[in-house]
Amino acid sequence: MTPAQAAQHQVDSHTEPAAPEEGYRRGLSARQIQMMAIGGAIGVGLFYGSGTGIAQVGPSLIACYAAAGIVVFFIMRALGELLTYRPTSGSFADYAREFCGPFAGFVTGWSYWAAWVASCMAEVTAAGHYIAFWWPSVPVWATAAVALAVLFAANLVSVTLFGELEFWFATIKVVAIIAMIIIGVGVLTFGFSALGDTASVTHLWADGGFAPHGAWQSLTALQAVVFAYAGVELIGLTAGEAENPKETLRKAINTLPVRIAVFYVGALIILLSVLSWTEYSPGVSPFVQVLAGVGIPAAAGIMNFVVLTAALSACNSGIYSAGRMLRGQSARGEGPQAFKGLSGRQLPLPALTLSVLVMGLGVVVNAVSPDKAFVYITSVSACAVLWTWSIILVTHLRYRSKVRAGLLPATDFRMPGAPVTNWIALASLVFVVVMMALSSDTRRGLYVWAVWFIALTIGYQAAKRRHPQSAPTQQ
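Summarised in this report is the structure supplied together with it. (Residues numbered from 1 in each chain as written. Predicted model: local features only at pLDDT ≥ 70, side-chain atom pairs only at ≥ 80, totals over all residues. Heavy atoms only, no water.)

Digging into the overall build of the protein chain
Regarding its fold elements, the protein chain presents 19 helices and zero strands. The proportion of buried residues among the 475 residues of the protein chain is 56%. At a minimum sequence separation of 6, the contacts of the protein chain that also span at least 24 residues come to 81%. Approximately 18,600 Å² of the protein chain is accessible, and the part contributed by carbon and sulfur atoms is 68%. (Helix = DSSP H or I, 4+ residues; strand = E, 2+ residues; numbered from the N terminus. Buried < 20%, exposed > 50% of the residue type's maximum accessible area, 1.4 Å probe, protein only. Contact = heavy atoms within 4.5 Å. Areas by Shrake-Rupley, 256 points an atom, 1.4 Å probe, with all protein chains shown as cover.)

What follows is the structure, encoded as structure tokens:
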């Protein structure tokens, strides 16, 4: 057999890689995953954080969200191609092992677990604060603990219940944004309410220009904007439990540009047309300001409910993701073996339990020291997102090189413009890291990440000594 024939034989033998049997029940429907994908791109950062962004950079925040959205789309298309090649609930951690070596898989898996645990600590505590809007006499830690317990219980019933919760959480967020867009268009078109006299699309450029503080100041908002999209990669972890992973995930990823265009770019265009950017205040939801200006009764209460669902949605997703990732790490000998088991309902019960217990400790830490220790904990999450997205792009490059060499099969769901788009996206992520290093507020996150990386290096060596037969080898 000639080398060319051998290469072709190897491609033929890999033509349709089967999804590994991981023990999970395929209980997530296409309807649930589609709505999870939509909800994953809409977070508290849009409803509340965008107020600070508008005050910081003005209308140019629209361009920041659009540019970051393009980068995120490239990342998700790279992940989509990998998921089409081989669907696995381990997702980017498994691909890191296969194409970049066992250490990369170890770091990616544990970092993503830590990212979701830290994120849930913040989100469930935020949920406690939002609940205090109606019951201020109840301690925040108590409502946060109850919310965490309820979501934990839902995750223990079945993956279908988890998916149904995410479906309705996402639906509330989507309805809120669409309603705001419709109201805003009505104000701009028909001039109703007190805002109708001044509302105009000219606000996008007339009040000091599109970038009133200059182009460089606008670039400083990119890091916050990038993190607003964190969690969009979550659908990659559903591959082991989706009813038809290749088809469902493909549709979810392909609709990402529409979701970003409508829910981020579109919503911001309406917000910044109805009111001048100079009228928005940092730390105040621009949605509340517009709804109150239109004269909607209980605007603050309505938006508080929407943001509460956004926080609960993020925490629900975090419990799901952390449990799957921890179970995967343990099953591969890269974590305690006690956490690799499944319950009778085919759920990673031990891994879910440990993850939630750690999240619960975070609620206590946040109650005791919200401005010190908790800031360092959550900074791991921000850096882990950048690491995960970078790994997706790098593993995709490695996968494509093997395809070109005839060692692996190509898929019909290719990332557009690769490898050029890979390098553009990677350069964008490096730029975000540089911007983090230049800011004293975010620089500490890089320091914490360095310590975390050293700890993982030590942990990897220990895991390799304990389970040398489990350590995967680079292909």
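Describing a nonpolar patch on the surface
Side chains of F133, W134, W135, V138 and F305 sit close together on the surface and give an oily, nonpolar patch of about 510 Å² of accessible area. Using a relative accessible area of 40% as the deciding quantity, one classes F305 as partly exposed. (Patch = residues over 30% accessible without salt bridge, like charges linked within 9 Å, V, L, I, M, F, W, Y side chains within 5 Å. Salt bridge = Lys/Arg side-chain N within 4 Å of Asp/Glu carboxyl O.)

Observations concerning the pattern of salt bridges
Throughout the structure, instances matching the rule amount to six salt bridges. Ionic pairing is found between R86 and E98, a salt bridge with its closest N-O pair at 2.8 Å. Of the two residues, R86 sits in the loop between α4 (61–85) and α5 (91–100) while E98 sits in helix α5, which places them 12 residues apart along the sequence. With relative accessibility at 7%, the residue E98 sits in the buried group. Of the charged contacts in the structure, one is a salt bridge between R250 and D412, with a shortest N-O distance of 3.0 Å. Residue R250 is located in helix α12 (residues 245–254), and its partner D412 is located in the loop between α17 (373–404) and α18 (420–438); the two are separated by 162 residues in the primary sequence. Residue classification places R250 among the buried residues on the basis of a relative accessible area of 18%. Residues participating in the shared-partner salt-bridge network are D94, R97, R332 and E334.

So, the side chain of S60
Tracing the backbone through its elements, the reader meets S60 in the loop between α3 (44–57) and α4. Residue S60 is classed as buried on the basis of its relative accessible area of 4%. Of the polar contacts made by the side chain of S60, one reaches the side chain of S218; its length is 2.7 Å. Leave out the neighbours within four places in its chain, and S60 touches F210, A211 and S218. (Polar contact = N/O pair within 3.5 Å; in protein donor to acceptor, adjacent residues only side chain to side chain.)

Thoughts on the nonpolar core
Counting residues in hydrophobic clusters, the biggest one holds 145 residues, and the most contacted among them are F47, I177, Y229 and W389. Not counting residues within four places of it along the chain, the set of residues in contact with W389 comprises V72, I75, V226, Y229, A230, V232, E233 and L429. (Core = buried A, V, L, I, M, F, W, Y, C linked by side-chain atoms within 4.5 Å.)

So, unusual backbone geometry
Put simply, A418 and P419 share a cis peptide bond, and its omega is 5°. Position of P419 relative to the elements: it lies in the loop between α17 and α18. Not every positive phi belongs to a glycine, and S193 is a case in point at roughly 75°. Mapped onto the secondary structure, S193 falls in the loop between α8 (159–190) and α9 (203–206). Classification of S193 by relative accessible area gives partly exposed; the value is 24%.

Considering helix α19 (residues 440–466)
Taking 1.5 Å per residue, 27 residues should reach 39 Å; α19 reaches 40 Å between its end C-alpha atoms and fits that length. Buried residues of α19: G445, V448, W449, L456, Y460 and A463, and no others. (Expected span 1.5 Å × (residues − 1).)

Considering the environment of L354
Tracing the chain through its elements places L354 in helix α16 (residues 349–368). Taking the C-alpha atoms as reference, L354 lies 8.2 Å from F339; in sequence the two are 15 residues apart. Setting aside anything within four residues of it in sequence, one finds L354 in contact with L326 and F339.

Regarding the packing of aromatic side chains
Applying the stated criterion across every chain yields a total of 19 aromatic pairs. Relative to F453, the ring of F103 has its centre 5.7 Å away and its plane inclined at 90°; by these criteria the two rings are edge-to-face. Remark: F453 occurs in helix α19 and F103 occurs in helix α6 (residues 102–131); sequence separation between them is 350 residues. For F453, a relative accessible area of 27% corresponds to the partly exposed category. Grouping aromatic residues by their ring pairs yields a cluster made of F103, F106, W387, W449, F453 and Y460. Geometry around F413 places R77 over its ring, the cationic atom sitting 4.1 Å from the centre. (Phe/Tyr/Trp six-rings, centres within 6.5 Å; stacked < 30°, edge-to-face > 60°. Lys NZ or Arg CZ within 6 Å of the ring centre and 35° of its normal.)

Digging into the packing of α4 against α5
In the contact formed by α4 and α5, the axes pass within 11 Å of each other and the chain directions differ by 75°. The angle between α4 and α5 falls in the class roughly perpendicular. Across from L79, L82, L83 and Y85 in α4, the residues of α5 making contact are S91, F92, Y95, E98 and F99. The residue makeup of the contact of α4 with α5, split by class, is seven nonpolar, one polar and one charged. (Axes fitted to C-alpha atoms, helices over the stretch in contact; angles between N-to-C directions. Parallel < 35°, antiparallel > 145°, perpendicular 65-115°, else oblique. Nonpolar A, V, L, I, M, F, W, Y, C, P; charged D, E, K, R; others polar.)

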